[in-house]
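Now for the letters of each chain:
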Amino acid sequence: MKGFSNGHYYSLNQYLRETFGCKVYKLALRGGCTCPNRDGTLGTKGCIFCSAGGSGEFASDGESVSRMIEKAKLRVRSKTRDNKFIAYFQTFTTTYMPVEKLETLLLDAVSQDCICAVSIGTRPDCLQAEILELLDKINRIKPVWVELGLQTVSDKTAEYIRRGYPLSVYDEAAENLQALGINTIAHVILGLPGESRADMLNTVRHVGATANGIKLQLLHILKGTDLADEYSRGTFSALNLEQYIDIVCDCIEELPEDVVIHRLTGDGDKKLLIAPLWSGDKKRVLNALNRSLCEKNIRQGSRCKSGLG
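Residues numbered from 1 in each chain as written. Predicted model: local features only at pLDDT ≥ 70, side-chain atom pairs only at ≥ 80, totals over all residues. Heavy atoms only, no water.

K.L.:
Would you mind showing me how to read the sheet that holds strand β9 (residues 260-263) here?
P.N.:
Working definition: the strands of a sheet are paired by backbone hydrogen bonds and lie parallel or antiparallel to each other. Strand order in the open sheet made by the seven strands is β2-β3-β4-β5-β6-β7-β9, with parallel pairing throughout. The open sheet has two free edges, formed respectively by β2 (25-29) and β9, since each of these has just one partner strand. Ignoring strand direction, the axes of neighbouring strands in this sheet form an average angle of 25 degrees. In the sheet, strand β3 (residues 85-89) pairs with strand β4 (residues 115-122) via five bridges, with the strands oriented parallel. In the strand pairing of β4, Ala-87 is matched with Val-118. Strands in contact with helix α2 (residues 65-76) are β2, β3 and β4; relative to β2, the strand with the most contacts, it is inclined by about 130 degrees. (Pairing = 2+ DSSP bridges. Helix = DSSP H or I, 4+ residues; strand = E, 2+ residues; numbered from the N terminus. Axes fitted to C-alpha atoms, helices over the stretch in contact; angles between N-to-C directions. Contact = heavy atoms within 4.5 Å.)

K.L.:
Teacher, can you tell me more about the pairing of β4 here?
P.N.:
Regular strands place side chains that alternate from one sheet face to the opposite one. With eight of eight residues buried, β4 is to be regarded as a mostly interior element. Sheet topology places β4 next to strand β5 (residues 144-151); five bridges connect them, and they run parallel. Bridging across to β5, Gly-121 finds its partner in Glu-147. Between the parallel elements β4 and β5, the chain passes through helix α4 (residues 129-139) in a crossover that is right-handed. (Buried < 20%, exposed > 50% of the residue type's maximum accessible area, 1.4 Å probe, protein only. Right-handed = clockwise from strand over helix to strand, strands pointing away.)

K.L.:
How do you make sense of the nonpolar core when you look at a structure like this?
P.N.:
Soluble globular proteins: nonpolar side chains tend toward being buried together. Residues Leu-135 and Tyr-170 are the most contacted members of the largest nonpolar core, which totals 70 residues. With eight residues, the single largest contributor to this core is helix α9 (residues 241-254). Apart from the residues lying within four places of it in its own chain, the contact partners of Leu-135 are Leu-106, Ile-120, Leu-127, Val-144, Val-146, Leu-177 and Ile-182. (Core = buried A, V, L, I, M, F, W, Y, C linked by side-chain atoms within 4.5 Å.)

K.L.:
Would you mind showing me how to read helix α10 (residues 282-295) here?
P.N.:
Given 3.6 residues per helical turn, the α-helix brings residues three or four places apart onto the same face. For α10, which comprises 14 residues, the first-to-last C-alpha distance of 20 Å matches the rise-based estimate of 20 Å (1.5 Å per residue) to within 8%. Once α10 ends, the next one or two residues include Asn-297, with phi positive near 60 degrees. (Expected span 1.5 Å × (residues − 1).)

K.L.:
I keep staring at the pattern of salt bridges and nothing clicks. Help me out?
P.N.:
Oppositely charged side chains can pair when the atoms bearing their charge come close. This structure, assessed with the given rule, holds 11 salt bridges. The partner of Asp-125 in a salt bridge is Arg-123, and the shortest N-O contact between them spans 2.9 Å. A salt bridge links Lys-271 to Asp-269, with the nearest nitrogen and oxygen atoms 3.2 Å apart. Three or more residues are tied together by salt bridges with common partners; here these are Lys-26, Glu-147 and Lys-215. (Salt bridge = Lys/Arg side-chain N within 4 Å of Asp/Glu carboxyl O.)

K.L.:
In this structure, what is going on with the pairing of β5? I would like to understand it.
P.N.:
Burial analysis of β5 places eight of its eight residues in the buried class, which makes it a mostly covered element. Burial of β5 is two-sided: the residues Val-144, Val-146, Leu-148 and Leu-150 facing one way and the residues Trp-145, Glu-147, Gly-149 and Gln-151 facing the other way are all buried. Alignment of β5 against strand β6 (residues 183-190), held across six bridges, turns out to be parallel. Bridge pairing in β6 places Gly-149 opposite His-187.

Here it is as C-alpha cells:
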C-alpha cells in the first residue's frame, strides 16, 4: 500500500507518540569522529555538498556524553515538559572509529535515564561485522536507529557528488541492519544537480523497499563547499519552493504506509546558506507544505495536519 492510500502518511511525530507515549525531541551530539571521505581513505574533500562541520552545525559539543546531552537539552527545553529524548550522533560518520571507543560512547548515552533511543548517522560502508555486533548489543538495551546517507540511487549522480560507494553497499547494509531488527533510516537529497523528477522518485521507491524510515532533504548550497563553486559557475539551478513541495508530495505517494517519514524538509545554517534562500524561512516552508498536503488530501492520521515542526 502506498503512503497516499487513504490520504494518510506515517510521520515521525505520530511514530514517536505511539512508541514512547509522548513527543520526543532529538538531541544533536558530536561523536568526535571523521569520515573516510575526508581522512584520505576514500578522499579528502568529502561529499560535494558537505560543509566543514560534517552536516552537524546544530550539534552540541562537550567533554562527555552526559555534558553534551545536558547542553543539547537546553536548546529544546522550552518545547517539552517530558524528559524523553533521542541521543542523535549527527556529525560526520559515527561508526568510523574504533569499536571500543564507539561502545563507550553509546553505552554512556543509553545509560542516561532521559534517553529513550539512540540515532546514529553513518555511511553504509562503515558497518563492518564488529560494528553490527555492537549495534545489536546496544539495541537490546535501548532502541537504536541507524541513519544511512544514501542521497540517491543514481550511479551517475553518486559519482558526481563523490559519495564513494556503490548502491550495492547500501543494500547490503540495510539488509544487515534489518536482519538485526535495527531501525534503518535513509537520507535522500532532493534537487541534486542533473537529477530529474523520475530520478528522485526512483530513489524514494528504493528506500521504501529497503528501510523503515526516510529523511527527505532539500539540497542546500553552503559556503565553503565544492557544490557552492559549481553553483557560482551556473552549472545547475536550485529548486524553488513550488518545485520542492510538488516533488515532496510525489515522494509521499511512492512510500509504503509503514515507512516513517522523519523529515520533509531541513534547516541549513543561515550563516552558510547560499541557496535556496527561501529555505531559511522555516515557518513559510512548513506552512506551504501543510497547505499542499491538505489540498492533495495527504494527511497524518485523521487530521489535515502534516505533523511537521
